[in-house]
Amino acid sequence: MSKNNNIIFIGFMGVGKGSVAREVIKHSEYIAIDTDDLIESMENRKIKKIFQEDGESYFRELENNLSIWLEKSVKNTLISTGGGFYKVKNLKKIGTVVLLDSPFESIIKRIKEHPNAAKKLKKRPLLSDLEKAKELYDIRRPEYLELADIIVDVTDKSASDCTKEILKKVKKYVK
Ligand code: S3P
């Protein structure tokens, strides 16, 4: 299973996909890209603005378009994704899917304890109502589990420990 030698991180908002990705690239030969960052630069506006001005369904279209490009053109890369990106049709063709998993309460605690907590909450439109976010989590978690080739429980683990676990588990899938 080569999947272009890519690793693709999925998982709920705030679980730490970006932080773990930054650690993985320090300890491997992967380069990292992030679907939210790519969308923001292609659109030249922040995710929050895209949601406000054109709505969530437009954002999902952008994710779908990006997924086609990722499958065709990206190799040997660690791809970090937004929490809803997993719904693209070709996810499993883009790379080895690694789920960063944690209970909802731990994810929210992690965000709130971050020095930039307010900013982290503000930039994520789907976290503005925590009750709705929990409902979304409950719908998504079984879907994440279903799609994952590798599951890493990141609860109370350092980015460095998560990285060791990921690189070990991923060896089986990536050349
Ligand atoms: C979303 C997650 C966000 C971002 C957008 C929608 C989602 O990314 O893509 O706000 O649907 O879960 P993070 O998972 O990096 O917060």
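None of the values given here were measured: they were computed from a predicted structure. (Residues numbered from 1 in each chain as written. Predicted model: local features only at pLDDT ≥ 70, side-chain atom pairs only at ≥ 80, totals over all residues. Heavy atoms only, no water.)

**Quick look at helix H1 (residues 17-26)**
Within the span of H1, buried status applies to Lys17, Val20, Ala21, Glu23 and Val24. The buried residues of H1 occupy an angular sector of 165 degrees when the element is viewed end-on, so they sit on one face. Turned more than 90 degrees off the buried face of H1, the exposed positions are Arg22 and Lys26. Here the buried face of H1 lies against strand E1 (7-10), strand E3 (77-80), strand E4 (96-101) and helix H8 (159-170). (Buried < 20%, exposed > 50% of the residue type's maximum accessible area, 1.4 Å probe, protein only. Helix = DSSP H or I, 4+ residues; strand = E, 2+ residues; numbered from the N terminus. Arc of directions from axis to C-beta. Contact = heavy atoms within 4.5 Å.)

**Describing the site of the ligand**
Neighbouring the ligand are 13 residues, the closest being Lys17, Asp36, Arg60, Arg124 and Arg140. Between Gly83 and the ligand, the recorded distance is 2.8 Å, taken from a backbone N or O atom to an oxygen atom. The separation between an oxygen atom of the ligand and a polar side-chain atom of Arg124 is 2.4 Å. In isolation the ligand has 390 Å² of accessible area, and contact with the protein removes 94% of it. (Near = heavy atom within 4 Å. Polar contact = N/O pair within 3.5 Å; in protein donor to acceptor, adjacent residues only side chain to side chain. Areas by Shrake-Rupley, 256 points an atom, 1.4 Å probe, with all protein chains shown as cover.)

**Observations concerning the sheet that holds strand E2 (residues 31-34)**
Sheet architecture is open: 5 strands sit in the order E2-E3-E1-E4-E5, paired in parallel fashion. At either margin of the open sheet sits one strand with a lone partner, and together these are E2 and strand E5 (150-153). Strand-to-strand twist across the sheet, computed as the mean angle between neighbouring axes with direction ignored, equals 25 degrees. Sheet topology places E4 next to E5; 4 bridges connect them, and they run parallel. Considered in E5, the bridge of Leu100 is made with Val152. Each of E1, E4 and E5 touches helix H7 (residues 130-147); the most contacted strand, E4, lies at about 140 degrees to it. (Pairing = 2+ DSSP bridges. Axes fitted to C-alpha atoms, helices over the stretch in contact; angles between N-to-C directions.)

**Looking at the side chain of Asn5**
As for its position among the elements, Asn5 is in the segment before E1. Asn5 gets classed as buried once you look at its relative accessible area, which sits at 12%. For Asn5, the side chain forms a polar contact with the side chain of Asn76, separated by 3.4 Å.

**Focus: the packing of helix H5 (residues 104-113) against H7**
It is the contact of H5 with H7, at a shortest axis distance of 10 Å, that shows an interaxial angle of 135 degrees. Judged on the interaxial angle alone, H7 and H5 are oblique. Considering how the two elements wind past one another, H5 and H7 form a crossing that is right-handed. Along the contact surface, H5 presents Phe104, Glu105, Ile107, Ile108 and Lys112, while H7 presents Leu130, Ala133, Lys134 and Tyr137. Here the residues of the contact of H5 with H7 sort into 6 nonpolar, no polar and 3 charged. (Parallel < 35°, antiparallel > 145°, perpendicular 65-115°, else oblique. Left-handed = near helix turned anticlockwise from the far one by under 90°. Nonpolar A, V, L, I, M, F, W, Y, C, P; charged D, E, K, R; others polar.)

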